[in-house]
Amino acid sequence: MRVGCFVLIIFAAVQLQGQNSVKGRVADSTNAPVPYIAIALLNAADSSIYRGVNNDDNGVFEFTNIKKGNYKVKVACIGYKEFYTSAFSVDSATKLELPEIKLSSAGINLKEVSVSVQKKTIEFKGGNIIVYIDGSPLAIGNSAYDLLSRLPGVMVDNDNISISGNSGVKVMIDDRIQQLSGSQLIALLKSLQGSNIDKIEVLKIPPVKYDAAGGAGLINIKTKRVKITGFSGSVNGNVSQGFYTRFGSGTSLNYKGKKLAIFTGLNANQSPTRYNYTSERNVKHDTVNTHLYQVNANKTVEYIYSYYFGGDWFINKKNILGFKYEGSPGNSDVDRRGQIQLKNNDQGYDLLPYHSFTINKWNSNNANINFEHLLDTVGGKIKFAADYTNNNSSVDGHNENYFKDNNSNDVKPAFIYTNKNTAGISLLASKIDLEKKLSKVFSIETGVKYSYSDLYSDFELQRQNQITNVYETDTMFTNKFVYNEQIQAGYFNLMAEKNKLSYSLGVRAENTIIKAQSVTKGTIYNREYFGLFPLLSIDYNSSANHNFSFSYNRRLERPNYTSFNPYRAFFSNILVSGQGNPYLMPQYNNAFNLSHIYKGTITNAVNYNLIQNALTGYIYQNDSTKETIWKQGNLKYMHTFAYNFSTNIEITKKWRLVFNTSFHLMYYDGTLNNLPYKASGFSYGGWMNNQFSLPKDIKLEVSAFCYGPWLGGVSYTQTRGALHISLKKSFFNNKLDVYLSANDIFYTLNLYNKFKFQNLDFYTKETMDTRRYNFGLSYNFGKIKVQQRKNQSSEDEKRRIGR
């Protein structure tokens with residue numbers, strides 16, 4: 001009854017008089033959308049430009065808050081004839097939807113387009129952020145992993161990605177969730193070069209059509225597709241200098257005809273990286289106080305490759321069939337050397353020098369087939385997609401630990417061991433979606449999805465017998481683990497827009513079935529849970545200058561697949577290890593957002609997040625042996641309060657400023673390591689991007705960010721920030737682009753952490769190869785005609801595995 005009353009209230013509200021608009025869609029002769037082009041609203045009397053916009057992925061554009069008068073629309077795009085609509089009148093109550101605009105092909109003339117709209121490289125929409133990479137100075141010499149840290153509110157620390165300080169972020173590529181984790185996800189992101197990326201979306205309030213996973217939100221990386229009719233392609237190369245020199249190159253070849261589009265690409269990168277780590281730890285055992293000082297240096301050399309090929313068959317004006325196959329093989333060599341100095345140690349040694357060398361290999365493959373059927377000319381469609389993913393990896397390591405006194409004499413037998421971990425996953429996922437406009441006011445989205453995934457991990461540790469020098473299996477640290485997960489999901493979303501009010505009311509249902517088994521220990525863990533994940537979003541345009549919005553959504557974060565495995569694995573030395581927890585529960589996030597936008601450029605927003613079963617990593621310390629074991633648990637609650645301010649303004653015709661700042665208050669409450677834990681903290685952050693158009697068609701970007709002290713569960717991260725500069729210059733009618741950039745110029749991205757938790761008194765410092773100077777070239781070739789058709793692939797999943 002309450003829900004029914006609520007719907008009636010909302011329905012009545014949308015009948016109110018309000019904001020006017022003119023809306024339309026641009027397509028080519030095959031009815032495929034022509035996206036990202038300049039649309040001008042002209043005064044009918046003298047054809048002067050009143051306002052300009054770019055249309056979206058589906059070719060749709062919209063003008064709002066229009067002064068009373070007579071207008072017409074002009075569409076201009078390279079390779080097409082200019083198009084003008086008939087004149088029409090607009091008053092304060094006009095809600096006009098133009099007939100679909102069909103563009104006709106024209107001869108090539110690179111100077112034919114007279115409509116000039118400066119495309120914003122960064123947009124803030126409904127609490128979400130869109131960063132356009134294509135054409136930006138960031139496009140060459142940076143991978144997707146590098147670009148993430150350049151996004152407003154996104155923090156990247158090694159393999160941990162967070163939005164506004166909240167972990168549990170899921171990464172999507174072309175609307176497909178990547179269920180990799182840890183180093184495998186990072187390897188995938190490093191294999192995706194900026195030259196292949198169109199834009200990146202930071203979705204703090206994702207629609208219900210996406211998986212409920214990702215408690216902190218989603219990052220959706222949209223790649224480029226076929227852009228021009230006929231044969232086309234590009235080649236690029238870059239070199240980057242930091243502590244070590246890195247190289248990267250890539251190429252793409254494409255063909256697009258009236259009935260068929262084919263696209264292929266290949267990328268290769270060699271990326272050596274330096275990582276330094278120091279820590280200090282105080283341990284009190286009985287009456288003995290021991291101080292541990294650790295110094296560690298890593299050199300990692302990664303060889304990362306990626307390739308893809310696929311196509312779209314335009315069967316007729318209403319049906320499109322597509323496929324895509326992707327592969328990402330690679331390997332890395334990690335050479336780790338370090339030493340721990342122990343003062344006043346009661347374990348019989350003073351120095352623990354260690355050395356390890358690890359070879360990681362992986363190969364990830366994904367096959368996708370998708371079909372799209374257009375129901376009408378106003379956006380109605382049915383979409384189907386199915387994916388099969390296979391991922392295999394292996395880790396082979398040799399590790400040496402020595403026990404010495406202050407004079408470097410051996411005082412205990414060395415601990416030398418090898419470790420081998422072979423892991424594999426397979427995933428089958430399918431999904432069908434329906435989008436339908438019911439009337440001028442109402443439209444719906446609905447769909448179902450099923451995914452089935454398997455994981456296995458076989459970890460073996462062999463210790464060297466100090467007498468015989470023979471390696472013998474250590475059963476305490478050897479483990480075989482299998483994991484199976486099924487997810488059945490469905491969603492429904494109702495959207496309405498009329499006059500000053502628009503809203504979206506949706507819900508997603510997911511049922512999860514988990515079966516995990518430690519084959520070695522003979523233990524089985526079964527779990528099944530069902531969840532409803534509603535989304536409510538309301539937008540109210542009180543006037544041409546003021547927009548108010550409110551949203552609520554509920555999401556979850558499932559534990560990492562391998563985090564269920566209760567076996568222990570060594571990290572850098574015998575005093576540092578990690579252990580899974582088979583009793584972890586999923587985390588649920590209830591997010592509330594209220595915002596105000598002034599003149600479409602200045603946004604003020606307040607947010608509140610109530611997180612239940614908050615997944616929290618912590619370090620358990622054994623005072624007797626001096627060991628630390630990384631574990632994960634569930635806190636009962638986590639509360640976050642935030643205020644955000646952002647602006648995106650054109651200061652002059654040659655200078656655009658984008659600025660974002662936020663303030664956060666966090667509160668944790670629950671039990672960790674069988675003891676009560678409560679903590680609170682305050683933090684702030686700022687992000688700024690300046691875009692300059694210099695003489696001779698040179699583009700300059702200057703960006704900087706600073707994040708204040710942050711409480712992340714049981715760790716306190718000190719203030720850090722960076723300054724980046726990028727330049728782009730085009731030659732030969734924009735066919736050749738030259739890029740120069742400098743990242744982290746003042747080398748201020750060092751990471752300082754402090755752990756004050758139960759008996760743990762721990763300080764760490766991490767420095768990475770973040771100050772880098774990049775040079776890149778990109779050359780595009782092919783006939784310049786038709787803009788791309790966006791391949792509407794539905795989301796898939798890949799395994800959440802870590803190593």
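Attention in this report is confined to the structure presented alongside it. If you're wondering where the values come from, they're calculated on a predicted model, not measured in any experiment.

Things to note about the overall build of the protein chain
Here is step 1 of the chain: Each helix and strand in the protein chain was counted, giving 3 helices and 46 strands.
Here is step 2 of the chain: Counting only residues that meet the buried cut, the protein chain has 55% of its 803 residues in that class.
Here is step 3 of the chain: In the protein chain, 67% of the contacts between residues at least 6 apart in sequence involve partners at least 24 apart.
Here is step 4 of the chain: A total accessible area of about 33,500 Å² is found for the protein chain, and carbon and sulfur atoms account for 58% of it.

Quick notes on the pairing of strand E23 (residues 351-374)
Here is step 1 of the chain: As defined by bridge partners, strand E22 (residues 319-343) adjoins E23 across 23 bridges and the pair is classed as antiparallel. Bridging from a neighbouring strand, Leu321 pairs with Phe371 of E23.
Here is step 2 of the chain: Where E23 hands over to strand E24 (residues 381-404), the hairpin turn is made up of 6 residues, of which Gly379 adopts a positive phi near 105°.

Brief notes about the pattern of salt bridges
Here is step 1 of the chain: Under the counting rule described, the total for this entry stands at 23 salt bridges.
Here is step 2 of the chain: Among the salt bridges present, the one from Glu100 reaches Lys102, with a minimum N-O distance of 3.8 Å.
Here is step 3 of the chain: Relative accessible area serves as the criterion here: at 36%, Lys102 is assigned to the partly exposed category.
Here is step 4 of the chain: Between Asp769 and Arg772 there is a salt bridge; the shortest N-O distance is 2.6 Å. Accessibility classification places Asp769 together with Arg772 in one group, the buried group.
Here is step 5 of the chain: Salt bridges sharing common partners tie together Asp211, Lys449, Arg508, Glu510 and Arg558.

Regarding the side chain of Glu201
Here is step 1 of the chain: Here Glu201 shows up in strand E16 (residues 197-203).
Here is step 2 of the chain: Glu201 gets classed as buried once you look at its relative accessible area, which sits at 11%.
Here is step 3 of the chain: Look past the residues within four positions of Glu201 in its chain and what remains in contact with it is Ile129, Ile130, Leu218, Ile219, Asn220 and Lys222.

Observations regarding the nonpolar core
Here is step 1 of the chain: With 26 residues, the main nonpolar core has Val154, Ile161, Leu189, Ile219 and Ile221 as its most contacted residues.
Here is step 2 of the chain: Elements represented by at least two residues in this core include exactly strand E11 (128-132), helix H2 (144-148), strand E12 (154-157), strand E13 (160-163), strand E14 (169-173), helix H3 (182-191), E16 and strand E17 (217-223).
Here is step 3 of the chain: By size, the runner-up hydrophobic cluster in this structure holds 22 residues, among which are Tyr277, Trp710, Val714 and Phe757.

Points about unusual backbone geometry
Here is step 1 of the chain: Not every positive phi belongs to a glycine, and Asn344 is a case in point at roughly 65°.
Here is step 2 of the chain: Inspection of the secondary structure assignment puts Asn344 in the loop between E22 and E23.
Here is step 3 of the chain: The residue Asn469 is not glycine, and still its phi comes out positive at about 65°.
Here is step 4 of the chain: Tracing the backbone shows Asn469 in the loop between strand E26 (442-464) and strand E27 (471-473).
Here is step 5 of the chain: Look at Asn469 and you get partly exposed, because its relative accessible area is 48%.

Some words on the environment of Arg51
Here is step 1 of the chain: With respect to the helices, strands and loops of the structure, Arg51 is situated in strand E3 (residues 49-54).
Here is step 2 of the chain: The exposure class of Arg51 is partly exposed, given its relative accessible area of 28%.
Here is step 3 of the chain: Once the C-alpha coordinates of Arg51 and Phe63 are considered, the two residues, 12 residues apart in sequence, prove to be 8.1 Å apart.
Here is step 4 of the chain: Those residues in contact with Arg51 that sit more than four places away from it in its chain are Ile39, Ala40, Leu41, Phe63, Thr64, Asn65 and Ile66.
Here is step 5 of the chain: At 3.3 Å, the side chain of Arg51 forms a polar contact with the side chain of Tyr50.
Here is step 6 of the chain: Only 2.4 Å separates the side chain of Arg51 from the backbone oxygen of Thr64, close enough to count as a polar contact.

Describing the packing of aromatic side chains
Centre distance and the angle of the planes are the two values used to describe a pair of aromatic rings.
Here is step 1 of the chain: All chains considered together, the criterion is met by 23 aromatic pairs.
Here is step 2 of the chain: Taken together, a centroid distance of 4.7 Å and an interplanar angle of 35° make the contact between Tyr552 and Phe592 tilted. Taken as a pair, Tyr552 in strand E31 (residues 546-557) and Phe592 in strand E34 (residues 587-598) lie far apart in primary sequence, 40 residues in all.
Here is step 3 of the chain: With centroids separated by 6.1 Å and ring planes inclined at 25°, the aromatic side chains of Phe592 and Tyr608 adopt a geometry described as stacked. Residue Phe592 is found in strand E34, and its partner Tyr608 is found in strand E35 (residues 602-622); the two are separated by 16 residues along the sequence.
Here is step 4 of the chain: Note that Arg281 overlies the ring of Phe762, its terminal NZ or CZ placed 5.8 Å from the centroid.

Conventions adopted
- Residue numbers here run from 1 along each chain, matching the order of that chain's written sequence.
- In view of the model being predicted, local features appear only for residues whose pLDDT reaches at least 70, and side-chain atom pairs are presented and counted only at 80 or more, with totals across whole chains, interfaces and linings using the full set of residues.
- To obtain the side-chain values, all non-hydrogen atoms of the structure were included, while hydrogens and water were left out.
- A run of DSSP states H or I qualifies as a helix once it reaches four residues; a run of E qualifies as a strand once it reaches two. Both are numbered from the N-terminal end.
- The buried label goes to any residue with under 20% of its type's maximum accessible area, the exposed label to any with over 50%, and the partly exposed label to all in between, with areas taken from a 1.4 Å probe on protein chains only.
- Any two residues whose heavy atoms approach within 4.5 Å at even a single point are treated as in contact.
- Only the protein chains shown count as cover for residues, and the accessible areas themselves come from Shrake-Rupley with a 1.4 Å probe.
- The pairing criterion for strands is at least two bridges between them, as found by DSSP.
- Any Lys or Arg side-chain nitrogen found within 4 Å of a carboxyl oxygen on Asp or Glu counts as a salt bridge.
- In this description, a nonpolar core means a group of buried Ala, Val, Leu, Ile, Met, Phe, Trp, Tyr and Cys residues linked to one another through side-chain atoms lying within 4.5 Å.
- Polar contact criterion, stated in full: a pair of N or O atoms within 3.5 Å, where within protein one must be able to donate a hydrogen and the other to accept it, and residues adjacent in sequence count only if both atoms are side-chain atoms.
- In summary, the pairing rule links any two rings of Phe, Tyr or Trp, Trp by its six-membered ring, whose centres are within 6.5 Å, and it sorts them by plane angle into stacked for under 30 degrees, edge-to-face for over 60 and tilted for everything else.
- We call a charge positioned over a ring when the NZ of a Lys or the CZ of an Arg lies within 6 Å of the ring centre and within 35 degrees of the ring normal.

Limitation: the analysis is restricted to geometry and does not speak to function.
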